[in-house]
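Here's the letter readout for the chains.
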Amino acid sequence: MKKSHIIIVSNRLPLILKKTEDGKIEVEKGAGGLVTAMAPILKNRNGTWVGWPGYVQESDMDDTMLPEIQKAVSGYSVKPVMLNSDELKKFYEGFSNSIIWPLFHGFIGKCLFLPEYWASYQAVNKKFALTVYQNADDPDFIWVHDYQLILVGAQLQKFHKRTPIGFFLHIPFPPIDTFIRCPWRFELLSAMLEYDIIGFHTILSKRNFIGCIKKIIQDAQIDAKKAFDETVSELRFNNRVIRIGVFPISIDYNEFFLHAWDSDVYKRSKEIRNNAPGTKLDTKILLGVDRLDYTKGIPERLKAFKRFLTRFPKFHKKVHFIQLVVPSRREITAYADLKLKIEQLVGEINGLFSTNDWLPVQYMFRNLERNELISLYRACDIALVTPLKDGMNLIAKEYCACNIDEKGVLILSEFAGAAHQFYQDAVLVNPYDIEGTASAIYMALNMPLEEKSQRMRNLRENVKNKDIFWWLNSFLNAAIEKDLSSFPQVDEYFPCKPDFELQSMVFL
Ligand code: GDG
């Protein structure tokens, strides 16, 4: 029998194409948890990765560049899908990042529902699907990733591709009252039902998705017993079965753990502690690491730190807050505005509280080398991971994996996917509650060592047991498992009839 291959489809390839000053194109290897997890399985199954190499080009890929691109990865193939400047603007910055991203994170006011964005999103998804179609054979398993590519599965079905197709959403799925505002809600939801398996990070996203299906899609049926729990549910629609599951993504725990033990990392973490302006033996380091994004709650966190300093002057000169912001999507106005807001708040706090021997906030706006980031994780006493909404948040997991002396505290937003796993051992906060977050900082600073160690041990155990490889296996097992005998019989299913009022709105 022919061995099935795996095809990964994501907006970005695990490599970066860059133009040098003398006009040559250079290829750099990509990094990150997804690449690490996917590489062994891609190699083992002679797989292919389809995606955009992050380089804008007006024409399609020149075939002479393919060997150069292929050289950046070994053991599997890469198939680039090129984007031109119009597609970058309308598909990537437009529909993906000015409609789905804000909508799915609940920032409805930031959505720009332009029909030309929708047209470009459809066209680019078709382009991705075509590349997949040209490279897939029938028993292959196709795994599409994330919100930029929701329509790829439906498009492949139009090409009569009847090979199993899975989809994983890396961001939250919103509740019905948010999702319903999207002019293309029916098209997006119907397209999701063309996949054979859909994975979410949290039970909340799974419930929201099923809630939307019940309201918006006619004739879908779902297993009543499992619809709202963490197990894999089956949804029946158009004589097909669609599996829906909860698979919280994670990190390569061992990689972070081993790097944290590195002697250079140890030295660097000591330097970070000793070089913080005004550092004394008892100075506590607080850390925030985020991509520049309004979902990450950076201004709210800075306001909470300001409130903390106002309420607890005895901590002046005894705390130092390092906030790293990694540049991202600055072409979009909302992101450029956010940068200014953050910088204004940092200036305000330092202006109010700094002395000639103490700087309360150290702000960095750049990308750091992986080992520098790990040194920061090791150096800090408290990690502030307080997004307003986040699919999972890998910073929380990386911080725990690197906290090898188990004395750190994780302050975590209730609205990060990670809170579903860490609610017992992290200090949970509502990031909109500035006063409450300031109190949480105070509580973390005063937490007895024994309690800190116990909580951190539990957190690390959790990340270690459910690492990125666990995530990958769980998803693939749920996708390929034939005998789901524990699944209920048809009479245990309830119909997902649309709400009458909504039905008339949606279908008239
Ligand atoms: C989406 C969802 C979900 C950050 N700064 C540097 C750096 N990083 C790396 C971290 C971490 C990653 O970036 C950020 O991961 P997040 O999970 O926080 O964030 P998103 O980019 O928003 O990702 C999110 C994720 O998808 C996975 O499903 O968790 O909810 O929004 O790995 O280490 N890496 C280096 N230098 C930096 O300066 N080297």
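This text goes with the structure placed above it.
Residues numbered from 1 in each chain as written. Predicted model: local features only at pLDDT ≥ 70, side-chain atom pairs only at ≥ 80, totals over all residues. Heavy atoms only, no water.

## Some thoughts on unusual backbone geometry
(1) Moving on: Positive phi, close to 50°, is recorded for N238, a residue that is not glycine.
(2) Moving on: In this fold, N238 is placed in the loop between β10 (233-237) and β11 (240-246).
(3) Moving on: Take N238: its relative accessible area is 55%, and that puts it in the exposed class.
(4) Moving on: Notably, N393 is not glycine yet its phi reads approximately 95°, a positive angle. (Helix = DSSP H or I, 4+ residues; strand = E, 2+ residues; numbered from the N terminus. Buried < 20%, exposed > 50% of the residue type's maximum accessible area, 1.4 Å probe, protein only.)

## Quick look at the state of the cysteines
(1) Moving on: Within the structure shown, the criterion is met by zero disulfides.
(2) Moving on: We note that C111 lacks a disulfide partner, and the nearest cysteine sulfur, in C182, lies 7.8 Å from it. (Disulfide = S-S within 2.5 Å.)

## Details of the nonpolar core
(1) Moving on: I150, F173, F209, F305 and F308 are the most contacted members of the largest nonpolar core, which totals 100 residues.
(2) Moving on: The greatest single-element share of this core, amounting to nine residues, is contributed by helix α3 (residues 85-104).
(3) Moving on: Residue assignment places this core across two domains, with domain 1 (6-89 + 122-246) and domain 2 (253-465) each supplying three or more.
(4) Moving on: Sequence-distant contacts of I150, that is, excluding residues within four places in its chain, are made with I100, F104, Y121, N125, F167, L188, A191, M192 and Y195.
(5) Moving on: By size, the runner-up hydrophobic cluster in this structure holds 75 residues, among which are I6, L373, C400 and L410. (Core = buried A, V, L, I, M, F, W, Y, C linked by side-chain atoms within 4.5 Å. Domains from an automatic or database assignment. Contact = heavy atoms within 4.5 Å.)

## Here's the deal with the site of the ligand
(1) Moving on: Surveying the vicinity of the ligand reveals 20 residues, the closest of which are H170, L368, D390, M392 and E398.
(2) Moving on: The contact in question runs from an oxygen atom of the ligand to an N or O atom on the side chain of E398, over 2.5 Å.
(3) Moving on: For the ligand, whose free accessible area comes to 740 Å², the fraction covered by protein is 81%.
(4) Moving on: Broken down by secondary-structure element, the contributors of at least two residues to the shell around the ligand are β12 (284-291), β13 (319-326), α13 (370-379) and α14 (394-402).
(5) Moving on: At three residues, α14 tops the list of elements feeding residues into the shell around the ligand.
(6) Moving on: Of the residues in the shell around the ligand, the class split is 10 nonpolar, five polar and five charged. (Near = heavy atom within 4 Å. Polar contact = N/O pair within 3.5 Å; in protein donor to acceptor, adjacent residues only side chain to side chain. Areas by Shrake-Rupley, 256 points an atom, 1.4 Å probe, with all protein chains shown as cover. Nonpolar A, V, L, I, M, F, W, Y, C, P; charged D, E, K, R; others polar.)

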